[in-house]
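Next come the chains, spelled out residue by residue.
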Amino acid sequence: QGVCKMKTCVLFVTLLLPLASAFLPAPQGLFAAKKFPALRAAASPRGGALQLKATLSALFFDCDGVLADTERDGHRIAFNMAFKEFGLKVGDGDMEWGEELYGKLCEIGGGKERMMGYWDQVGWPGGNWELAVELHQRKTQLFQELIETGKIPLRPGVDALITEALENNVRVAVCSTSNEKAVQKIVDMLGPEKAKQIKIFAGDCVPRKKPSPDIYNLAREDYQVRPEDVVVIEDSGIGLKAAKEAGMSCLVTLSTYTKNDDFTDADHIVDDLVSGDVDLATLDGLAVSTQWEDWGVDRDVMNSGVGRGRW
């Protein structure tokens, strides 16, 4: 009878210890080496209550509309400057993309593909892939010049979040359909120390662009991380679809041209990272692996309704 009671006690402690650890300070000394990485308690960067430590391994950022709101005042302007340099006309007027038209064209992923789609829509006979490539090269140069003049700042909270991620050994990549040189210019705005730690997957590095998940799958394979340990930050419907098809959680930061996209499948939506109070703890709560491993503990206490405990 004593042996049975002892077995019952051991079983009871075994079942409750991981759950209880969520409400205790992080273990010190000898016990700190015990192998419960997904169940250790970790203090929030803001202080206060304790939460479970997630297995977040990487953050994948889109570039345009996420790192900086580049579409309206950057890419659109550069496209129009290139059209003018090449002397392109539609009907009796210059070829020019207004703000409303460009917003619709942003539904097409990739600059060269965007031009081809527009030319098909208006029935312009001079459009072909070779011209699109040549125009896009010049457009990229013009876009880089706009960035260098300081006319396109980083969006609120981007620098702080990336800094926090890198300081906590969470890997960061930028995954964009834009030209790699253009993306590099935006990343360089973070400063050389951070920029050198961020890999860029951009342009034609994959044959199919968003909404295909190829670019996120490529980044995951390169970083050798599981999709459930990654959170993607996007601003468009096609980017969200790419992230979800790659099996990753996705936070959406609304931007000028994509704020009315369908974000039904988004895990969380904010106007920007600052007003949405987004930090690494928020993203911990979004990771698919955290949802699996939270043992039903309600992370909403720490993550303002973002985390999803299973009780």
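Data block above holds the structure.
About the criteria used
- Residues numbered from 1 in each chain as written.
- Predicted model: local features only at pLDDT ≥ 70, side-chain atom pairs only at ≥ 80, totals over all residues.
- Heavy atoms only, no water.
- Helix = DSSP H or I, 4+ residues; strand = E, 2+ residues; numbered from the N terminus.
- Buried < 20%, exposed > 50% of the residue type's maximum accessible area, 1.4 Å probe, protein only.
- Contact = heavy atoms within 4.5 Å.
- Areas by Shrake-Rupley, 256 points an atom, 1.4 Å probe, with all protein chains shown as cover.
- Axes fitted to C-alpha atoms, helices over the stretch in contact; angles between N-to-C directions.
- Parallel < 35°, antiparallel > 145°, perpendicular 65-115°, else oblique.
- Left-handed = near helix turned anticlockwise from the far one by under 90°.
- Arc of directions from axis to C-beta.
- Polar contact = N/O pair within 3.5 Å; in protein donor to acceptor, adjacent residues only side chain to side chain.
- Salt bridge = Lys/Arg side-chain N within 4 Å of Asp/Glu carboxyl O.
- Core = buried A, V, L, I, M, F, W, Y, C linked by side-chain atoms within 4.5 Å.
- Phe/Tyr/Trp six-rings, centres within 6.5 Å; stacked < 30°, edge-to-face > 60°.
- Lys NZ or Arg CZ within 6 Å of the ring centre and 35° of its normal.

Engineer: Would you explain the overall build of the chain in this entry?
Structural biologist: Along the chain, the regular secondary structure elements total 13 helices and ten strands. Burial analysis of the chain (311 residues in total) assigns 50% to the buried set. Considering only contacts in the chain between residues 6 or more positions apart, those separated by 24 or more positions represent 63%. Carbon and sulfur atoms make up 54% of the accessible area of the chain, which totals about 15,500 Å².

Engineer: Where do I start with the packing of helix H4 (residues 111-122) against helix H5 (residues 129-148) in this structure?
Structural biologist: Helix-helix packing: each pair is described by the crossing angle between the helix axes and the interaxial distance. H5 packs onto H4 with a crossing angle of 130 degrees between their chain directions and a minimal axis gap of 9 Å. As far as their axial angle goes, H5 and H4 are oblique. Crossing of H4 against H5: the hand is right-handed. Packed against H4, whose contacting residues are Gly111, Lys112, Glu113, Met115, Met116 and Trp119, the element H5 presents Trp129, Leu131, Ala132, Val133, Leu135 and His136 at the interface.

Engineer: Even after reading the chapter, I still don't get helix H7 (residues 180-188), so can you show me in this structure?
Structural biologist: Every α-helix winds through 3.6 residues per turn, so residues three or four apart in the chain are directed the same way. Among the residues making up H7, those that are buried are Ala182, Val183, Ile186 and Val187. Each buried residue of H7 sits inside an arc of 140 degrees when the element is viewed along its axis, so together they form one side. Turning to H7, the residues buried within the fold contact helix H2 (70-85), H5, strand E6 (171-176), helix H8 (192-195) and strand E7 (199-202). With a side-chain oxygen positioned 2.8 Å from the backbone nitrogen of Lys181, the residue opening H7 is Asn179.

Engineer: Where do I start with the pattern of salt bridges in this structure?
Structural biologist: It is possible for side chains bearing opposite charge to pair when their charged atoms get close. Applying the stated criterion across every chain, the model contains 19 salt bridges. We note a salt bridge from Asp159 to Lys194, for which the minimum N-O separation is 3.1 Å. Here the residue Asp159 occupies a position in helix H6 (residues 158-167), and Lys194 occupies one in helix H8, the gap between them amounting to 35 residues. Its relative accessible area of 30% is what places Asp159 among the partly exposed residues. A salt bridge links Lys210 to Glu234; the nearest nitrogen and oxygen atoms lie 2.7 Å apart. In this pair, Lys210 is assigned in the loop between E7 and helix H9 (214-223) and Glu234 in strand E8 (residues 230-234), connecting sequence segments 24 residues apart. Assessed through its relative accessible area of 6%, Lys210 is described here as buried. For Glu234, a relative accessible area of 0% translates into the label buried. Shared partners join several salt bridges into a network, and the residues in it are Lys112, Glu113, Asp204 and Lys209.

Engineer: Teacher, can you tell me more about the nonpolar core here?
Structural biologist: Across soluble globular proteins, you tend to see nonpolar side chains buried next to one another. With 57 residues, the main nonpolar core has Leu59, Phe61, Leu67, Trp119, Val187 and Leu283 as its most contacted residues. Among the elements that make up this core, the one with the highest residue count is H5 (seven residues). What Phe61 contacts, discounting residues up to four positions off in sequence, is Val66, Leu67, Leu161, Ile162, Val172, Ala173, Val174, Cys175 and Ile233. By size, the runner-up hydrophobic cluster in this structure holds 22 residues, among which are Ala173, Val230, Ala243 and Ala266.

Engineer: Looking at this structure, I do not really get the packing of aromatic side chains. What am I missing?
Structural biologist: Where two aromatic rings form a pair, the distance of their centres and the angle of their planes describe that pair. For the coordinates displayed, the defined rule picks out eleven aromatic pairs. With centroids separated by 6.4 Å and ring planes inclined at 5 degrees, the aromatic side chains of Phe60 and Tyr216 adopt a geometry described as stacked. Note that Phe60 is positioned in strand E3 (residues 58-61) and Tyr216 in helix H9, a separation of 156 residues in sequence. Each member of the pair, Phe60 together with Tyr216, is buried. For the ring pair Trp97 and Tyr118, a centre distance of 5.4 Å and an interplane angle of 75 degrees mean the geometry is edge-to-face. With Trp97 in the loop between strand E5 (93-94) and helix H3 (99-105) and Tyr118 in helix H4, the pair connects residues that are 21 residues apart, well separated along the chain. Of the two residues examined, Trp97 and Tyr118, each falls in the buried class. What links up through ring pairs into an aromatic cluster is the set Phe79, Phe83, Trp97, Tyr102, Tyr118 and Tyr257. Of note, Lys139 hangs over the ring of Phe79, and the distance from its end group to the ring centre comes to 4.8 Å. Geometry around Tyr223 places Arg171 over its ring, the cationic atom sitting 3.9 Å from the centre.

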